[in-house]
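Reading the structure
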Amino acid sequence: MAFRLPTRTWWLLPVMSLLAATSVSSPPQPVSETHFQDTIRPLLVKYCAECHSDEDASEGIAFLTDRTPQAVSENRAIWSSVAEQLINRTMPPADELQPKEEERIEAAHWIDRHLRSTACDLGPYAGAPVQRRLNREQYEYAIEDLTGLEFDFVESFPADSGGGEGFNNNGELLFLPPLLMERYLEVADQIVDRLVVVPTLDATFRPRVSRDGSARLVNQDSGMPFLLVPSSDDSVTEASLQWVVYEAGDYSLKTRFRSRSSDASRVRMDWNGKALETIETQGKVSVFEDVRNIRLTKGAHRFSFAAEQTSASIELIDVTVKKLGTIDKERLAATKRLLHSVGDQTHDGSSEIANKGSRDAARAALADFGRRAWRRTLTEAEIERLLALFTRGSSRGEPFEQALKLPLKAILVSPKFLFISESASASETDQPVSDLELASRLSFFLWNSLPDDQLISSAESNQLHRPRVLREQVRRMLNDPRSSRFARAFAGQWLGTEAVGRTKIPDTNFFRPPYSAELVRDLRRQVTETMTWMIRQDLPITDWLGAEETLLNKRLAEHYGMTPVPSSDEKFIPVAKSRSARSSVLGMGAVHMLTSYSRRTSPVLRGGWVLETLFGVHLPAPPPDAGDLPGGENENKKRTVRQRLEAHRENPTCAACHDLIDPIGFGLENFDVLGRFREKEGENAIDTAGRMPSGETFAGPDELREILLDRKDDFREQYCRKMLGFALARSLTDADACTINRLTEQLSRSDDRTVALIESIVFSHPFLHRKGSKP
């Protein structure tokens, strides 16, 4: 059987998995320059040549064609896989001749040491900038930061796929399909309509008579009342009112008439060409009113009034139109922020702006909004193009606020807002990104949104790249509430828990009543709150493996059966449990739900999740003849999941991988599908004892956690890799190995502090530079 290249991120530096017998954090150099040719390669030939012969490189993975250390370092992807599978004991296959333990470790460690020591031989690597659109969360946060308003339309956008390191901000997958562009156009209308409050309509219209004898109603005109009389040919003479509604809603329509006769009279009201109602005067000689409420949509509306056949004459005095209800205070505040540079808002939403239709007022509002949306100051040509759109509306008689909507929409549907772009470098060498590009890199890394005014100003003054200024900005941004967006996006996608309650749902009928939408939301929130707490308190990243405190709210504490119980369901607080079964990511219910089937737990899923997610171990796909777990989902009383899995593991084809995966999963069997602690499964006691292939034994989640804590070197490297991939918003390549090594070393020297890692990434070569485009 041949070595299998892992199907995901197989090109990265080898992770010395948690099953390694010794640490490799500070590897010594090889004992001699010919150690590979004299010792390592002969050993691999002995145990691997049958499937990986250097004589036939066209079949399988012929890594034995590499005869020198230089060749090994040039084929890092393949050799990292060789080292990993040796140390995980997944190769050679169980039915082949096996190396002695010391031989296995010596070969794997030499490969790892060599790849680490040569990682930076080619110098630092920046990577090419990838133009990418904002993903769903970034778009939502950007609109919220721009307007100060929350919207709920983003869920209707197509979901973004996770690429590269598993994050949905990866630029290689963030293209713009036509359907999404149509959606952007639709929601831009909704955004600007809610953002910009047009002055409330409360106006009285009076008739003005034209030369042809017709009448139209004009706002506050001082004309005389218009006489509505039937004409001699039995047609009617009418007055009409036409106006544009800019805010859809309920309107009051009050019409005043005066009858000149005691005879009964009738007036017909039409709305947009359709009969609305006929008004009876009931023979009164006086002024009478008709008041009605009507719901109007945005757009032009026409009302007409005409006397039907009657001997009486009726005068139309005036028509008063008024929008009902009050304007949302949040909308008024948003409009005030938008127009802060050109005037204030009064209580009813109208603006106190001198010369409301002036281009100068529009210029000020558009320049400010555009600067924040496009992450830079707009050029004069860009402002003029936007002002041309404003003038188009203003020339149609639109109010100042309404005329602003079209250019605001143009800003929101522009690629300069929707895309994160960086200029390409024509140099052959890596070049520093500009300060404005750095500002966007920072904000989309730490806030998952746009840079604010302070960040843009620092960039435009060419100060942001200075180490002291950059460090101050990072600290400021991490202390800002918006950093919780980074916490949610990074931790939730790295751990996979954002899928809980969305694409990963247990059998809700089977688990009611404990399962609820509120519980699922809290399970996801616990991950976000934990990451946020680690940032705020600058805690070590190893707290994911074993912290002294657990972040809980009242609902989760009661669900977990933990004390003391916090008083609030909304606020998460740290509960000290001194390394209880809950004091690590392994105690989080979101992880348990993620790594279970709909009705039962899965040691295989849980063990695999720990190895891959926390320690970066690449597990091969199961062979086609692996089969399914005996008993199906419903057999949960006669045998435990572990007992059924033991029978499954008797298959030699399955044993090699399951010996690696299952022990960890067995140690987590005390947690059910919803994360509740249990001692029994059905009628049977749960056996949580396990033995690692490297010899360590444990019983239960507490002892398992202590073993995992001893392997923090591997966790540290995996964590650095994941956060770097998130920060760069691209797939990592083998050339990023040097940066990962340096980040790992810096993190180790800083006591594994979370903020220290974030700062190291911001100051890393690939974050501050981009690759030259010349070959």
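This is a predicted model, so every value here is computed, not measured.

A few words now on the overall build of the protein. When you go through the protein residue by residue, the secondary structure sums to 27 helices and 22 strands. Relative to its 775 residues, the protein shows a buried fraction of 54%. The long-range fraction of contacts in the protein, counting pairs at least 24 apart against all pairs at least 6 apart in sequence, stands at 73%. For the protein, the computed accessible surface area is about 33,600 Å², with 49% contributed by carbon and sulfur atoms.

Counted under the stated rule, the structure contains 32 aromatic pairs. Between Phe486 and Phe490, the ring centres sit 5.9 Å apart and the planes meet at 25 degrees, which makes this aromatic pair stacked. Separated by four residues within a single helix, Phe486 and Phe490 lie in helix α15 (residues 483-495), roughly one turn from each other. A network of ring pairs unites the aromatic residues Phe167, Phe445, Phe486, Phe490, Trp494, Trp544, Phe615, Phe715, Tyr719, Phe726 and Phe767 as a single cluster. Seen from the ring of Tyr560, Arg582 lies directly overhead, with NZ or CZ sitting 3.8 Å from the centre.

Another aspect to go through is the pattern of salt bridges. Per the counting criterion, the structure on display carries 47 salt bridges. Between Asp452 and Arg482 there is a salt bridge; the shortest N-O distance is 3.7 Å. Of this pair, Asp452 sits in the loop between α12 (435-446) and α13 (453-460) while Arg482 sits in the loop between α14 (467-479) and α15, and the two are 30 residues apart along the sequence. Given the relative accessible area of 15%, Asp452 is considered buried. Owing to a relative accessible area of 21%, Arg482 belongs among the partly exposed residues under this scheme. Residue Arg555 pairs with Asp569 through a salt bridge whose shortest N-O separation is 3.5 Å. Here the residue Arg555 occupies a position in helix α18 (residues 554-560), and Asp569 occupies one in the loop between α18 and β17 (573-576), the gap between them amounting to 14 residues. Classification of Arg555 by relative accessible area gives partly exposed; the value is 22%. Within this structure, Asp112, Arg116, Glu717 and Arg721 form a network of salt bridges that share partners.

The subject of this paragraph is the packing of helix α5 (residues 136-147) against helix α6 (residues 178-195). At a closest axis distance of 12 Å, the pairing of α5 and α6 adopts a crossing angle of 25 degrees. When the interaxial angle is binned, α5 and α6 end up roughly parallel. Handedness of the crossing formed by α5 with α6: right-handed. Contacts from Tyr139, Ile143 and Thr147 in α5 reach Tyr184, Val187, Ile191 and Leu195 in α6. Class assignment of the residues belonging to the contact of α5 with α6 gives a composition of six nonpolar, one polar and no charged.

Right, let's talk about the environment of Glu422 for a bit. Structurally, Glu422 can be placed in the loop between β14 (419-420) and β15 (431-432). In this structure, the C-alpha to C-alpha distance between Glu422 and Val130, residues 292 residues apart in sequence, is 7.8 Å. In this structure Glu422 touches Pro129, Val433, Glu437, Arg441 and Arg770, once residues within four positions along its chain are discounted. Side-chain polar atoms of Glu422 contact the side chain of Arg441, separated by 2.7 Å.

Another aspect to go through is the packing of α14 against helix α26 (residues 754-762). Direction vectors running N to C along α14 and α26 enclose 135 degrees, while the axes themselves pass 11 Å from each other. Viewed along their axes, α14 and α26 adopt a mutual orientation that is oblique. α26 is crossed by α14, and the crossing has right-handed handedness. Contact with α14, carried on its side by Leu470, Arg471, Val474, Arg475 and Leu478, involves Val755, Ile758, Glu759 and Val762 of α26 and no other residues of that element. A per-class count over the contact of α14 with α26 returns six nonpolar, no polar and three charged.

On to the environment of Cys48, then. Structurally, Cys48 can be placed in helix α1 (residues 35-48). When its relative accessible area of 5% is taken as the criterion, Cys48 is described as buried.

Relative to strand β8 (residues 274-280), strand β7 (residues 266-271) runs antiparallel, the two being bridged by six bridges. The residue of β8 that forms the bridge with Arg268 is Thr278.

Glancing now at the side chain of Arg582. Among the secondary structure elements, Arg582 is positioned in the loop between β17 and α19 (589-594). In this structure Arg582 is buried but unpaired, with Asp672 as the nearest side chain of opposite charge at 6.9 Å. Setting aside its immediate chain neighbours within four residues, Arg582 contacts Thr550, Tyr560, Met562, Gly587, His592, Phe671, Gly675, Arg676 and Phe677.

Nonpolar side chains in soluble globular proteins generally cluster together in the buried interior. Counting 91 residues, the largest nonpolar core has Phe445, Trp544 and Leu614 as the members making the most contacts within it. For this core, the element with the highest residue contribution is helix α24 (residues 712-728), accounting for eight residues. Beyond its immediate stretch of four places on either side in the chain, Leu614 contacts Trp494, Leu495, Leu545, Val585, Leu586, Trp609, Phe715 and Gln718. Counting residues in each nonpolar core, the second largest holds 46 residues, with Leu149, Phe151, Leu338 and Leu404 among its members.

What follows deals with the confidence of the model for the protein. Of the residues in the protein, 84% have a pLDDT of 70 or more, and the chain-wide mean is 84. Confidence drops under pLDDT 50 across residues 1-30; counting only partners more than four residues distant or on other chains, this segment forms 105 contacts. Contacts of residues 344-356 to residues separated by more than four positions or lying in other chains number 32 contacts, the stretch itself having pLDDT below 50.

Quick look at α26 now. For the α-helix, the turn length of 3.6 residues means that residues three or four positions removed from each other point alike. α26 sits mainly inside the fold: nine of its nine residues count as buried. The complete set of buried residues in α26 reads Thr754, Val755, Ala756, Leu757, Ile758, Glu759, Ser760, Ile761 and Val762.

With that out of the way, let us pick up the state of the cysteines. What the rule picks out here adds up to one disulfide. Sulfur-sulfur distance for the disulfide between Cys120 and Cys738 comes to 1.8 Å. Between Cys120 and Cys738 the disulfide shows an S-S torsion of about 95 degrees. By sign, it is right-handed. Within this pair, whereas Cys120 is found in the loop between α4 (101-117) and β1 (132-133), its partner Cys738 is found in helix α25 (residues 737-749), the two being separated by 618 residues in sequence. What makes Cys120 partly exposed here is its relative accessible area of 29%. Of the residues examined, Cys738 reaches a relative accessible area of 3% and is grouped as buried. You can see Cys51 has no disulfide; the closest cysteine sulfur is in Cys48, sitting 8.5 Å from it.

The rules we used
Residues numbered from 1 in each chain as written. Predicted model: local features only at pLDDT ≥ 70, side-chain atom pairs only at ≥ 80, totals over all residues. Heavy atoms only, no water. Helix = DSSP H or I, 4+ residues; strand = E, 2+ residues; numbered from the N terminus. Buried < 20%, exposed > 50% of the residue type's maximum accessible area, 1.4 Å probe, protein only. Contact = heavy atoms within 4.5 Å. Areas by Shrake-Rupley, 256 points an atom, 1.4 Å probe, with all protein chains shown as cover. Phe/Tyr/Trp six-rings, centres within 6.5 Å; stacked < 30°, edge-to-face > 60°. Lys NZ or Arg CZ within 6 Å of the ring centre and 35° of its normal. Salt bridge = Lys/Arg side-chain N within 4 Å of Asp/Glu carboxyl O. Axes fitted to C-alpha atoms, helices over the stretch in contact; angles between N-to-C directions. Parallel < 35°, antiparallel > 145°, perpendicular 65-115°, else oblique. Left-handed = near helix turned anticlockwise from the far one by under 90°. Nonpolar A, V, L, I, M, F, W, Y, C, P; charged D, E, K, R; others polar. Polar contact = N/O pair within 3.5 Å; in protein donor to acceptor, adjacent residues only side chain to side chain. Pairing = 2+ DSSP bridges. Lys, Arg positive; Asp, Glu negative; His and termini not counted. Core = buried A, V, L, I, M, F, W, Y, C linked by side-chain atoms within 4.5 Å. pLDDT = per-residue confidence, 0-100. Disulfide = S-S within 2.5 Å.

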